[in-house]
Amino acid sequence: MAPNAPRTAFDHNKVTVVYVLGGPGAGKGTQCTKLSEDFDFCHLSAGDLLRAEQNRDGSQYGELIRTCIREGSIVPKEVTSKLLENAMAAEIQSRSGHRWPDGQGRFLIDGFPRKMDQALLFDEVVCPASLVIHFTTTEDVMLERLLERGKTSGREDDNIDSIRKRFRTYYEQTMPVIEHYSSLGKLEEIDSSKSIDTVYQETSVIIRKLLS
Ligand code: C5P
Ligand code: MG
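Sequence order as written defines the numbering, with residues in each chain counted from 1. Chains and ligands are labelled by the order in which they are written, letters from A for the one and numbers from 1 for the other. Reporting in this predicted model follows two pLDDT cut-offs: at least 70 for local features of residues, and 80 or more for side-chain atom pairs to be given and counted; totals over whole chains, interfaces and linings ignore these cut-offs and use all residues. Only hydrogens and water are set aside; all other atoms, that is, all heavy atoms of the structure, feed into the side-chain values.

The name an unreviewed UniProt entry gives the protein chain is Uridylate kinase, with Pisolithus microcarpus 441 as the organism. Quoted verbatim from the Subunit (unreviewed entry) field of the UniProt record, the comment on the protein chain reads "Monomer." UniProt positions are given in the numbering used here, feature names are shortened, and annotations may be inferred rather than shown by experiment. Quoted verbatim from the Catalytic activity (unreviewed entry) field of UniProt, the annotation for the protein chain is "UMP + ATP = UDP + ADP".

Structure representation (structure tokens):
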């Protein structure tokens, strides 16, 4: 191996990773969708990848994922990290030669890492994050949004019992992740109680700064 070759699956000099965190219902997915349209990011939602794996015929993790999602607990780090790594590799492959030359890429990783062990594993093995965005709002706002979404989402965890458990997991497991990246100087916090457009304006200022 060359002396300065990265030890991670992707070279962080070519691949920009932004982790997007916040409690359930904070607006992560909504903002990531808009950002990926305007800034040529690929938006990968850890939760969506887990739900797809849960439903994939022949997956050995289907039952495990289903139980974790219903209980609002965190799926073992290797499973989620590998799903993200595979999705990143596929996207770099499919965009190479036109939008992302020379192995480059830009990823918004939505809802990950939710626990310290995921953060350490992904940063060490897959690609260290350049920036972490944390959308903050009150529990009341999140609860109202999730119950509204639950009317049509078909998600097994948009019900009051699962939501309470997800809040608890967020405080106990995800807040230490936020503190970790804050101490590394990589954290940007945005109040996502405001309208989608106002939150988007604030977020795009931060993303523009990162990419400049
Ligand atoms: O992000 P989302 O709300 O879609 O995640 C749904 C569920 O997927 C979480 O409550 C958790 O059970 C699981 N998950 C996980 N690790 C992540 C992201 C999601 O275990 N990094
Ligand atoms: Mg989401």
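Right, picking up where we left off after that structure.
Caption draft 1: Summary view of the pairing of strand β4 (residues 131-136). Only protein chains enter the calculation, and the probe is 1.4 Å; a residue is then buried if its accessible area is under 20% of its type maximum, exposed if over 50%, and partly exposed in between. Secondary structure elements are taken from DSSP: a helix is a run of H or I of four residues or more, a strand is a run of E of two residues or more, and numbering for both begins at the N terminus. With 5 of 6 residues buried, β4 lies mostly within the body of the structure. The pairing criterion is simple: DSSP has to find at least two bridges between the two strands. Of the strand pairs in this sheet, strand β1 (residues 15-22) and β4 are connected by 5 bridges, and their pairing is parallel. Its bridge partner lying in β4, Gly-22 is registered against Phe-135. Note that β4 and strand β5 (residues 187-191) share 5 bridges and pair parallel. By the bridge assignment, Ile-133 is partnered in β5 with Glu-188.

Caption draft 2: Representation of the environment of Glu-53 in the model. Structurally, the position occupied by Glu-53 is in helix α2 (residues 46-55). Residue Glu-53 is classed as buried on the basis of its relative accessible area of 9%. Expressed as a C-alpha distance, the spacing of Glu-53 and Ile-65, which sit 12 residues apart in the sequence, is 8.2 Å. The criterion used for residue contact is that any of the two residues' heavy atoms lie within 4.5 Å. Residues within four places of Glu-53 in sequence aside, it is in contact with Ser-59, Tyr-61, Ile-65 and Leu-83. At a separation of 2.7 Å, a polar atom in the side chain of Glu-53 contacts the side chain of Ser-59. Polar contacts, as used here, are pairs of N or O atoms within 3.5 Å; protein pairs need one atom able to donate a hydrogen and one able to accept it. Residues neighboring in sequence count only if both atoms are side-chain atoms.

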